[in-house]
Amino acid sequence: MSKLKLYGVEYPTRVTMGAMIDFKRETGKDVNEIGSDMELLTMFMYCCMRSACRADKQPFGLSFEEFSDGLDMEDFTSFQSSMTEGTEPSKKKKTKM
């Protein structure tokens, strides 16, 4: 999942190191502790979107509650499935040292 539309605005969303750090700061838990907890998974999705927006320099002003209210079950299920299936390989070239 690379884009998610909420309230008529399309936002980038992807798993980043920043998202994992944000999640830890918000919840005090590591990403591997999410399990099947719906609230934790929604918070991780929020952190992924917020981090991707920061990285892409796109304004993002939604609170967690606004994000959650705008999220439908199809988006939630799709994100959850992508987490259990793993992420696609990086498209960035590795540099040799």
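A short tour of the structure in this document, coming up.

Residue position: Ala19 is located in helix 1 (residues 17-27). In the structure, Ala19 is positioned 24 residues away from Met43 in sequence and 9.9 Å away in space, judged by C-alpha atoms. In this structure, Ala19 is in contact with Phe44, Cys47, Cys48 and Ser51, ignoring residues within four places of it in sequence.

Because side chains alternate across strand 1 (residues 3-6), one face comprises the buried residues Leu4 and Leu6, and the other comprises Lys3 and Lys5, none of which is buried. Bridge count for strand 1 against strand 2 (residues 9-12) is four bridges, and the pairing is antiparallel. Among the inter-strand pairings, Lys3 is bridged to a residue of strand 2, identified as Pro12. The antiparallel hairpin formed by strand 1 and strand 2 contains two residues in its connecting segment, where Tyr7 sits at a positive phi of about 55°.

As a packed pair, helix 1 and helix 2 (residues 38-56) sit with axes 8 Å apart at the nearest point and diverge in direction by 130°. As judged from the angle between their axes, helix 1 and helix 2 are oblique. As helix 1 packs across helix 2, the resulting crossing turns out to be right-handed. Taken together, the residues of helix 2 that come into contact with helix 1 (itself represented by Gly18, Ala19, Met20, Asp22, Phe23, Glu26 and Thr27) are Leu40, Met43, Phe44, Cys47, Cys48, Arg50, Ser51 and Arg54.

Turning to the pattern of salt bridges, a few remarks are in order. Within this structure, the stated rule accounts for five salt bridges. The partner of Asp22 in a salt bridge is Arg54, with the nearest N and O atoms 2.9 Å apart. Here Arg54 lies in helix 2 and Asp22 lies in helix 1, a separation of 32 residues in the sequence. As a salt-bridge pair, Glu26 and Arg50 come within 3.3 Å of each other at their nearest N and O atoms. Note that Glu26 is positioned in helix 1 and Arg50 in helix 2, a separation of 24 residues in sequence. Owing to a relative accessible area of 43%, Glu26 belongs among the partly exposed residues under this scheme. Taking relative accessible area as the criterion, Arg50 reaches 18% and is therefore assigned buried. What emerges from the salt-bridge pattern is a single network uniting Asp22, Glu26, Arg50 and Arg54.

What counts and what doesn't
- Residues numbered from 1 in each chain as written.
- Predicted model: local features only at pLDDT ≥ 70, side-chain atom pairs only at ≥ 80, totals over all residues.
- Heavy atoms only, no water.
- Helix = DSSP H or I, 4+ residues; strand = E, 2+ residues; numbered from the N terminus.
- Contact = heavy atoms within 4.5 Å.
- Buried < 20%, exposed > 50% of the residue type's maximum accessible area, 1.4 Å probe, protein only.
- Pairing = 2+ DSSP bridges.
- Axes fitted to C-alpha atoms, helices over the stretch in contact; angles between N-to-C directions.
- Parallel < 35°, antiparallel > 145°, perpendicular 65-115°, else oblique.
- Left-handed = near helix turned anticlockwise from the far one by under 90°.
- Salt bridge = Lys/Arg side-chain N within 4 Å of Asp/Glu carboxyl O.

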